[in-house]
Every structure is written in C-alpha cells, then in structure tokens.
Amino acid sequence: MSQSIPLSVLDLVPVLEGGTLYEAYGHAAALAAHAEGEGFARYWVAEHHGMPGIGGAATSVVLAHVGGHTSRIRIGSGGIMLPNHAPLQIAEQFGTLDALYPGRIDLALGRAPGSDGRVAMALRHGDPDAFPQQVMELQAYFAGDARAGFPAVPGAGAKPEMWVLGSSTYGAQLAAAMGLPYGFASHFAPAMLDEAIETYRRLFRPSAVLDRPHVMVACNVFAADTADEARFLATTMQQGFVALRTGQGGGLVRPPVENYYENLPAPHRAMLDQVMACTAIGTQSEVEAMLRGLIARTGADEIIVASQMFDQEARRRSFSIAAAAMRAL
C-alpha cells in the first residue's frame, strides 16, 4: 500500500437476491478480514434504513461482529447518521466498541437520515440543523465532561477517531470549524467534491485533534483481470442506481447483466455517468490511472473505496486489485 495515501473499504453490507442477511454479515466479516490482509487502513460500514439490499442499519452491531473477525484494521462507521440517534446512545455504543477493540474504532458522522421521509419519521429523525450541537454533545460524553451530571458508561474516556462526512459544503464547513477530519461522499454524489474540499481547507481551524486539514475522498472501483469482466461486474451497482433514481426503490442486490449500460436509454446513461463520475471500471492499470488522477485533482490524504458487487469472491478480488494499484502509484 502507498505509504503516503492510506486506502480503506466502505461496505454497504450487500444483501443479495437469493441470499440472506446471515450470509451478508458473513460476507462483511470475510471482506474486512481480506482487507486487513491486503493492508487496507480502515473498514467502514454505512448506516442506511428501509433498503432491503443494504444490511448495515444497526451499524455498531455489525462492527462488533466484524471486529471479532479482524485484529488490526481500524473499523468504524461511514457514517452514523447522528440526527437519528441520541448522542448518549452513540457514545455508549462506540464506547463499547472502543473497549472491545481499543485503538481501532472510527466514528464518522453525517446528518442525513440515510433513508426516505417515511423511514426518517419512524426513526424520529431529529433536526438536521442541530447536527453541530449533537457532535459537540457526543464529544463531551467521550471527554467525560461533568456538566452532563452523569458519565456515559461506556463512553467516558473512550477515544474513537471522529470524522465529519458530507456531500455538500455544509459538512465541510462544520469539519473545518471543529478541526476534525472530513470525508466526502463522491462515490455517489460527486458534483460538489472540489468546492467542498476547497471550503474545508480554506476555513479549517486547528484543534486538539488536528493541526492541519485532513481529507478522505470516496470512489467506486470495479476491478478485474479483464476490462470486459470489470464492466460486467459494475452493472450490479448501475442497476441499483437506476432503480433508486427512477423511483423503483432499493431492492436486493441484483446479479450483473451483460450489456446493461449499453442498452439503457440515453437519459439513464447520462445519469449514471454523472453519479458514477468518481469510478474506476477496468484492470489494474485503469484503476491506477483513476486513482492517480483523483489524488492529483483533490490532494486527498486518504482514499476510501466502495464496490457493490453480486459475486463476493470477485468483489474481494476487486479490492485486491485496488490495493495493488495504490501500491503501484
């Protein structure tokens, strides 16, 4: 792995057509262990709700499971959607994880519900504008701030590495003001990538956590030994995006389809080109070229890779190729 640019895994814990949640969690543990063996820096799970094909809703529970199958790789949320939760509950959950796996826990935070409006209501999703206050409250629980009148147990004294995530300049401004590391969701919302990073770096204030800005950029990688195989594997994620953007909902993760992209109507292809702008599909050399260009464009301090595939063996192989590509840079 490149010594200067760590590479990490973002897992949506795919639930496959014809598969089960039990199998999905087994695949998650296997992927994390595989990533650890390949030298990846972090394995993150994203919180989503009401989506049959995504198994990471109870994010901290999945991380507890994954932690038991790994020994070195950092594990964490990418992210916890904090307005869905009381900060005390997240302090307790991630304080527990920190006690179980000390020095390995990341807590990246977002303010979106990770769902649609109906699910947000069922979750009692709070005011997104209160997100900064929630982050500070969470920090206070970890610090054991006596003003709460009681300690977070577990939580007080825990030291998860906290991040702010975003897909616009809002998270960039908050991360900068709080002196926290910032991750941008360019794997599905690339439009404001450059503006958000520029905003974060320009407004950054040093803190006890960081003395300079620290940016993670997300991308998709669909890598295989041949370009044709990589394009075929990528059609699983393409089907998912088309279903979401055309109101068909997020169903179970679907098998790949030959010539799927080529047979789509032009507006659908244009949508995919936009939403998957930060995506590498191809062999190791093609992945190297994309990563090199993304790092040169953004000056990223870290890269995190998503890869929503149906064939889990091919998925692990894709991450191995991505690791080899990063080592070659």
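Higher on the page you've got the structure.
No experiment lies behind these values; they were computed from the predicted model shown.

**Student:** Where do I start with the overall build of the protein in this structure?
**Tutor:** On a plain count of helices and strands, the protein comes out with 11 helices and nine strands. A compact globule built from 329 residues should have a C-alpha radius of gyration of about 20 Å, and the protein, at 19 Å, falls within 12% of that. Taking the principal axes of the C-alpha coordinates as reference, the protein spans close to 60 × 40 × 40 Å. Out of the 329 residues belonging to the protein, those deemed buried represent 53%. Counted over contacts in the protein with a minimum sequence separation of 6, partners at least 24 positions apart contribute 73%. For the protein, the computed accessible surface area is about 13,800 Å², with 56% contributed by carbon and sulfur atoms.

**Student:** For this particular structure, what's the right way to read the pairing of strand E5 (residues 161-166)?
**Tutor:** Each regular strand carries side chains that alternate between the two faces of the sheet. With five of its six residues buried, E5 lies for the most part within the structure. Strand direction decides the pairing type here: strand E4 (residues 105-110) and E5, joined by four bridges, are parallel. Of the residues in E5, the one forming a bridge with Leu-109 is Val-164. Relative to strand E6 (residues 182-184), E5 runs parallel, the two sharing three bridges.

**Student:** Please explain unusual backbone geometry as it appears in this structure.
**Tutor:** Residues other than glycine predominantly adopt negative phi, and peptide bonds predominantly adopt the trans conformation. With an omega of 10 degrees, the peptide bond between Gly-78 and Gly-79 qualifies as cis. In this model, Val-13 sits at a positive phi of 50 degrees, which is unusual for a non-glycine residue. By the secondary structure assignment, Val-13 is in the loop between strand E1 (7-11) and helix H1 (21-37). In this structure, Arg-124 is a non-glycine residue whose phi angle is positive, near 60 degrees. With respect to the helices, strands and loops of the structure, Arg-124 is situated in the loop between helix H4 (117-122) and helix H5 (131-143).

**Student:** In this structure, what is going on with the packing of helix H7 (residues 193-203) against helix H10 (residues 284-298)? I would like to understand it.
**Tutor:** Packed helices, taken two at a time, are described by the angle between their axes plus the distance between the axes. Close contact between H7 and H10 brings their axes to 10 Å; oriented N to C, the two are set at 45 degrees. Judged on the interaxial angle alone, H10 and H7 are oblique. Counted together, Leu-193, Asp-194, Ile-197 and Arg-201 of H7 and Leu-294, Arg-297 and Thr-298 of H10 form the full contact between these two elements. For the contact of H7 with H10, the class distribution of residues is three nonpolar, one polar and three charged.

**Student:** Would you explain the state of the cysteines in this entry?
**Tutor:** Here a disulfide denotes one covalent bond, and it connects the sulfur atoms of two cysteines. By the definition in use, this model includes zero disulfides. Cysteine Cys-219 shares no disulfide, and the gap to the nearest cysteine sulfur, in Cys-278, comes to 7.1 Å. For Cys-219, a relative accessible area of 0% puts it in the buried group.

**Student:** Would you mind showing me how to read the side chain of Ser-320 here?
**Tutor:** Among the structural elements, Ser-320 can be located in helix H11 (residues 312-328). Relative accessible area serves as the criterion here: at 10%, Ser-320 is assigned to the buried category. Ignoring any residue separated from it by four or fewer positions in sequence, one finds Ser-320 in contact with His-34 and Glu-38.

**Student:** Is there a simple way to think about the pairing of strand E3 (residues 74-81) in this case?
**Tutor:** Extensive coverage of E3 is indicated by the burial of seven of its eight residues. In this sheet, E3 lies alongside strand E2 (residues 42-45) in parallel orientation, the contact comprising four bridges. Of the residues in E3, the one forming a bridge with Arg-42 is Arg-74. Assessed by its sense of winding, the connection that carries the chain from E2 through helix H2 (residues 59-67) to E3 is right-handed.

**Student:** Would you take a moment to explain H5 for this structure?
**Tutor:** In an α-helix, one turn spans 3.6 residues, which is why side chains three or four residues apart end up on the same side. Taking 1.5 Å of rise per residue, the 13 residues of H5 would be expected to cover 18 Å, and the 18 Å separating its terminal C-alpha atoms lies within 8% of that figure. Looking at the packing, one finds that the buried side of H5 touches helix H3 (87-100), E4, E5 and helix H6 (169-178). Backbone geometry just after H5 places Gly-144 at a positive phi near 70 degrees.

**Student:** Before we go on, may I ask you to explain the packing of H5 against H6 in this structure?
**Tutor:** Here H5 crosses H6 at 40 degrees, and the two axes come no closer than 11 Å. Regarding H5 and H6, the two cross each other, and that crossing is right-handed. Each of Phe-131, Pro-132, Val-135, Met-136 and Gln-139 in H5 lies in contact with H6, whose residues at this interface are Tyr-170, Leu-174 and Met-178. Classifying every residue of the contact of H5 with H6 by side-chain character gives seven nonpolar, one polar and no charged.

Here is what the cut-offs are and how they apply
Residues numbered from 1 in each chain as written. Predicted model: local features only at pLDDT ≥ 70, side-chain atom pairs only at ≥ 80, totals over all residues. Heavy atoms only, no water. Helix = DSSP H or I, 4+ residues; strand = E, 2+ residues; numbered from the N terminus. Rg over C-alpha atoms; globule rule 2.2 N^0.38 Å. Buried < 20%, exposed > 50% of the residue type's maximum accessible area, 1.4 Å probe, protein only. Contact = heavy atoms within 4.5 Å. Areas by Shrake-Rupley, 256 points an atom, 1.4 Å probe, with all protein chains shown as cover. Pairing = 2+ DSSP bridges. Axes fitted to C-alpha atoms, helices over the stretch in contact; angles between N-to-C directions. Parallel < 35°, antiparallel > 145°, perpendicular 65-115°, else oblique. Nonpolar A, V, L, I, M, F, W, Y, C, P; charged D, E, K, R; others polar. Disulfide = S-S within 2.5 Å. Right-handed = clockwise from strand over helix to strand, strands pointing away. Expected span 1.5 Å × (residues − 1). Left-handed = near helix turned anticlockwise from the far one by under 90°.

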